[in-house]
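Chain by chain, the residues run as shown.
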Amino acid sequence: MNFLNRIPTPWWVVIIIIAMVTVMISIYVSMPEGAFAVGVRSFAEWNGSDTWDWLAFVVAVISFVFAAFTWSSQNKTEKNTTQIDDKSQQKILTELTCHFFRNLIVICAVEKKLNGRFDTHYPSEESLLKLKVDMDAMAFRKQADNFDVIHELQLLLRNFNSEIDVALMHLRSQQVFAYAKERDFATLKFKMSHLTNKIEDCMKKIWHKDFSDEIADAILNAAKDRNKDENLDEVREKMTDDLQYYNNTKSCYYSLFKNEEKRKELLSLLNLHIQIEMDGLNKQGYEKILIIPFDKTNS
């Protein structure tokens, strides 16, 4: 059935139209009058079949046409997927580490802006829901020998998404005590570093080389590209310390960034972006992070 892939898509329209015309002819055959109907009916009788047999046959042909079209489309999709080369796969994974860095900014900013007011306030759901991560395992089909590595990473990402759901459920409830909510924030921050390390290990296992420098450069570039329109010097003046909000020496950034100057630059930018996320406004002029008071009538 490879010939189906060579048929231009518009021809499928022609085929379907022909099939529909055939159905109309079959219906016409069932009419009581008309020489054409009599002739075709006579042919059906000569064949040992009746009008409904022919109608069933036509329906079967149409079903085959649609099945063939579906098969052709799926086949094309699979071929396009398997054409993703190693460099593109590496870029997908590296981009995930940049996403984790941006996630860390938001997680820290939400925690700091909430400022321990767990009994009276909670963050808008959108702030945490946008942290969820998805990875298409089909993009790594050519890595059949490393399926277990990709599968493990995919499970870790699903677990992280579940932890976001749990954190949201806790934060939105006044019945959940403060310690559980603090633990949720600590878990989410830890996972951003943990998943970055896991991706580095995953890439090393698949391509048998060290990608730490490539990942570090990608994260630093993502940090530099963020909030380009902001006056960073003005933001820095509001802070009492360049590392005021985040400086975890056990994080992945200490192992990834072997160059101390680059590491200091990244952590300084990380803290600046946390400050901007806390105080900044979106393009519509609303707070980037909205902290909502609990409804007192339901407390």
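Let me begin by describing the structure that accompanies this report. Note that this is a predicted model, so its numbers are computed, not measured. (Residues numbered from 1 in each chain as written. Predicted model: local features only at pLDDT ≥ 70, side-chain atom pairs only at ≥ 80, totals over all residues. Heavy atoms only, no water.)

Here's the deal with the packing of aromatic side chains
Geometry of an aromatic ring pair is reported as the spacing of the ring centres plus the angle between the planes. Counted according to the given criterion, the structure contains five aromatic pairs. Between phenylalanine 101 and tyrosine 253, the aromatic rings sit 6.0 Å apart at their centres with planes inclined by 90°, giving edge-to-face as the arrangement. One end of the pair, phenylalanine 101, is in helix α4 (residues 86-114); the other, tyrosine 253, is in helix α10 (residues 252-256), and 152 residues separate them in sequence. For phenylalanine 101, a relative accessible area of 0% gives the class buried. (Phe/Tyr/Trp six-rings, centres within 6.5 Å; stacked < 30°, edge-to-face > 60°. Helix = DSSP H or I, 4+ residues; strand = E, 2+ residues; numbered from the N terminus. Buried < 20%, exposed > 50% of the residue type's maximum accessible area, 1.4 Å probe, protein only.)

A closer look at the side chain of serine 173
Note that serine 173 resides in the loop between α6 (147-171) and α7 (178-207). At 3.1 Å, the side chain of serine 173 forms a polar contact with the backbone nitrogen of glutamine 175. Non-local contacts of serine 173, meaning those with residues more than four positions away in its chain, are made with Lys181 and Phe294. (Polar contact = N/O pair within 3.5 Å; in protein donor to acceptor, adjacent residues only side chain to side chain. Contact = heavy atoms within 4.5 Å.)

Quick notes on the packing of α6 against α7
Between α6 and α7, whose axes approach to 10 Å, the crossing angle comes to 170°. As judged from the angle between their axes, α6 and α7 are roughly antiparallel. The way α6 lies across α7 gives a crossing that is left-handed. When grouped by side-chain class, the residues that make up the contact of α6 with α7 number 18 nonpolar, two polar and seven charged. (Axes fitted to C-alpha atoms, helices over the stretch in contact; angles between N-to-C directions. Parallel < 35°, antiparallel > 145°, perpendicular 65-115°, else oblique. Left-handed = near helix turned anticlockwise from the far one by under 90°. Nonpolar A, V, L, I, M, F, W, Y, C, P; charged D, E, K, R; others polar.)

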